[in-house]
Amino acid sequence: MRTYMYDIEKFKEKLKSEVKQSRYEHSLSVMNFSVELAKYYGVDEEKARVAGLLHDCAKYKDTDKILQKAKEFDIIIDGDLNHTIKVLHALLGYYIARDEYGIEDEEVLLAIKNHALGRENMSDLEKIVFYADFAEPLRTYSMAEKLREFKYEGLTKAAYEAVNYNLCYLLEEGLYVHPQSLKTRNSLLLELKGE
Ligand code: FE
Ligand code: FE
């Protein structure tokens, strides 16, 4: 029998008790999609599994708890973050995965932390979770189906399409754009162009 580094069943149990049922199902779906992509692209499957499962581990059903925990970990909520407060759970997820789930792998922790805004020069694992979060099969908005068509087009392309989709959505809806989203998009663009 194969031994896994992580007790995934235990993680599932804890996660299930802390997030909404729909969020839990989304997490399983991101996990499965991340593993599928990791297999295809030769990325560590175990890391993809745990990062996919735990990417929303700090998106508590009790939203006050997100702010309260962020305070505990001294996360600074600046103007940009204050206007895009929905992404705070990603930054907090780094600490929750580390301290409450015992994840020590920095690559996994960064994939959790950067799943919402991305960052410049993302690793393959970060691109996988970033893209899977937008494109996993339970996502039903019409663009999700379109995004899934890029799954074999390379991780940079897939993540690039995901961030573009996100930016278009924010602009169309008249919502605040965190400058990091734009930096992420430009970084992926330059990577695609080989610059
Ligand atoms: Fe999230
Ligand atoms: Fe998510």
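Look up a bit, the structure's there.
What you are looking at is a predicted structure, and each value in this text was computed from that prediction instead of being measured. (Residues numbered from 1 in each chain as written. Chains lettered and ligands numbered in written order. Predicted model: local features only at pLDDT ≥ 70, side-chain atom pairs only at ≥ 80, totals over all residues. Heavy atoms only, no water.)

Participant: Could you give an account of the pattern of salt bridges, naming the residues involved and the relevant values?
Facilitator: One pass over the full model with this rule turns up 16 salt bridges. Through salt bridges with shared partners, a single ionic network connects Lys 14, Glu 18, Lys 69 and Glu 100. (Salt bridge = Lys/Arg side-chain N within 4 Å of Asp/Glu carboxyl O.)

Participant: Can you explain the coordination of the iron ion (ligand 2)? Please cite residues and give values.
Facilitator: Reference values for angles at a metal are 109.5 degrees in the four-donor tetrahedral case and 90 or 180 degrees in the six-donor octahedral case. Taken together, the protein ligands of the iron ion (ligand 2) are His 26 (NE2), His 55 (NE2), Asp 56 (OD) and Asp 133 (OD), with distances of 2.2 to 2.3 Å. Between the 4 donor atoms coordinating the iron ion (ligand 2), the angles at the centre fall across 80 to 173°, so the site counts as irregular. For the iron ion (ligand 2), the single-chain donor residues occur in sequence as H-x28-H-D-x76-D. Taking the relative accessible area as the measure of exposure, His 55 reaches 0% and is therefore buried. (Donors = N, O, S within 2.8 Å, 3.2 Å for Na, K, Ca; no water. Tetrahedral: all angles 85-135°; square planar, octahedral: opposite > 155°, others 65-115°. Buried < 20%, exposed > 50% of the residue type's maximum accessible area, 1.4 Å probe, protein only.)

Participant: Would you mind going over the packing of aromatic side chains in detail, with residue names and values included?
Facilitator: Summed over all chains, the structure comprises 11 aromatic pairs. Relative to Tyr 41, the ring of Tyr 40 lies with its centre 4.8 Å away and its plane at 85°, an arrangement referred to as edge-to-face. Using a relative accessible area of 23% as the deciding quantity, one classes Tyr 41 as partly exposed. Measuring from ring centre to ring centre gives 5.2 Å for Tyr 94 and Tyr 95, while their planes differ by 65°; the resulting arrangement is edge-to-face. Site record: aromatic cluster; members linked through ring pairs are Phe 130, Phe 134, Tyr 141, Tyr 165 and Tyr 169. In this structure, Lys 14 is placed above the aromatic ring of Tyr 101, and the distance from its NZ or CZ to the ring centre is 5.2 Å. When the ring centre of Tyr 94 is taken as origin, the NZ or CZ atom of Lys 113, which lies over that ring, is 5.8 Å away. (Phe/Tyr/Trp six-rings, centres within 6.5 Å; stacked < 30°, edge-to-face > 60°. Lys NZ or Arg CZ within 6 Å of the ring centre and 35° of its normal.)

Participant: Account for the nonpolar core, with residues named and values stated.
Facilitator: Among the nonpolar cores identified, the biggest contains 59 residues, and Phe 11, Leu 54, Ile 103 and Tyr 131 are the most heavily contacted of them. Breaking this core down by element, the ones donating at least two residues are α1 (8–18), α2 (21–41), α3 (45–54), α4 (63–72), α6 (88–99), α7 (106–113), α8 (124–135) and α10 (155–172). Ranked by residues supplied to this core, first place goes to α8 with 8 residues. (Core = buried A, V, L, I, M, F, W, Y, C linked by side-chain atoms within 4.5 Å. Helix = DSSP H or I, 4+ residues; strand = E, 2+ residues; numbered from the N terminus.)

Participant: Describe the coordination of the iron ion (ligand 1), with residues and values.
Facilitator: For the iron ion (ligand 1), the full set of protein donor atoms is Asp 56 (OD), His 89 (NE2) and His 115 (NE2), and the range of their distances to it is 2.1 to 2.2 Å. In primary sequence terms, the donor set of the iron ion (ligand 1) follows D-x32-H-x25-H. The distance between the iron ion (ligand 1) and the iron ion (ligand 2) comes to 3.3 Å, and Asp 56 binds to both of them. On the criterion of sequence distance, the pair formed by Asp 56 in the loop between α3 and α4 and His 89 in helix α6 is long-range, its members being 33 residues apart.

Participant: Quick rundown of α2? Include the residues and the values.
Facilitator: Look at α2: 30 Å from first C-alpha to last across 21 residues, which is about the 30 Å you get at 1.5 Å a residue. The secondary structure elements touched by the buried residues of α2 are α1, α3 and α8. Just past α2, the residue Gly 42 takes up positive phi, approximately 70°. (Expected span 1.5 Å × (residues − 1). Contact = heavy atoms within 4.5 Å.)

Participant: Describe α6, listing the residues and the values that go with them.
Facilitator: Spanning 12 residues, α6 covers 17 Å between terminal C-alpha atoms, matching the ideal 16 Å at 1.5 Å per step. Listed as buried for α6 are Leu 88, His 89, Ala 90, Leu 92, Gly 93, Tyr 94, Ile 96 and Ala 97. Each element contacted by the buried residues of α6 is listed here: α4, α5 (79–83) and α7.

Participant: Give me the lowdown on the environment of Asp 44, citing residues and values where you can.
Facilitator: Mapping Asp 44 onto the fold places it in the loop between α2 and α3. By relative accessible area, Asp 44 is classed as partly exposed at 39%. Each C-alpha atom, one on Asp 44 and one on Pro 179, is 30 Å from the other, the two residues being 135 residues apart in sequence. Separated by 2.9 Å, the side chain of Asp 44 and the backbone nitrogen of Glu 46 make a polar contact. (Polar contact = N/O pair within 3.5 Å; in protein donor to acceptor, adjacent residues only side chain to side chain.)

Participant: Would you mind going over unusual backbone geometry in detail, with residue names and values included?
Facilitator: Positive phi values are uncommon outside glycine, yet Asp 74 reaches one of about 55°. Of note, Asp 74 is situated in the loop between α4 and α5. Note on Asp 74: relative accessible area 63%, which makes it exposed. Unlike most non-glycine residues, Asn 121 shows phi in positive territory, near 55°. Here Asn 121 lies in the loop between α7 and α8. On the basis of relative accessible area, Asn 121 is assigned to the exposed category, the value being 56%.

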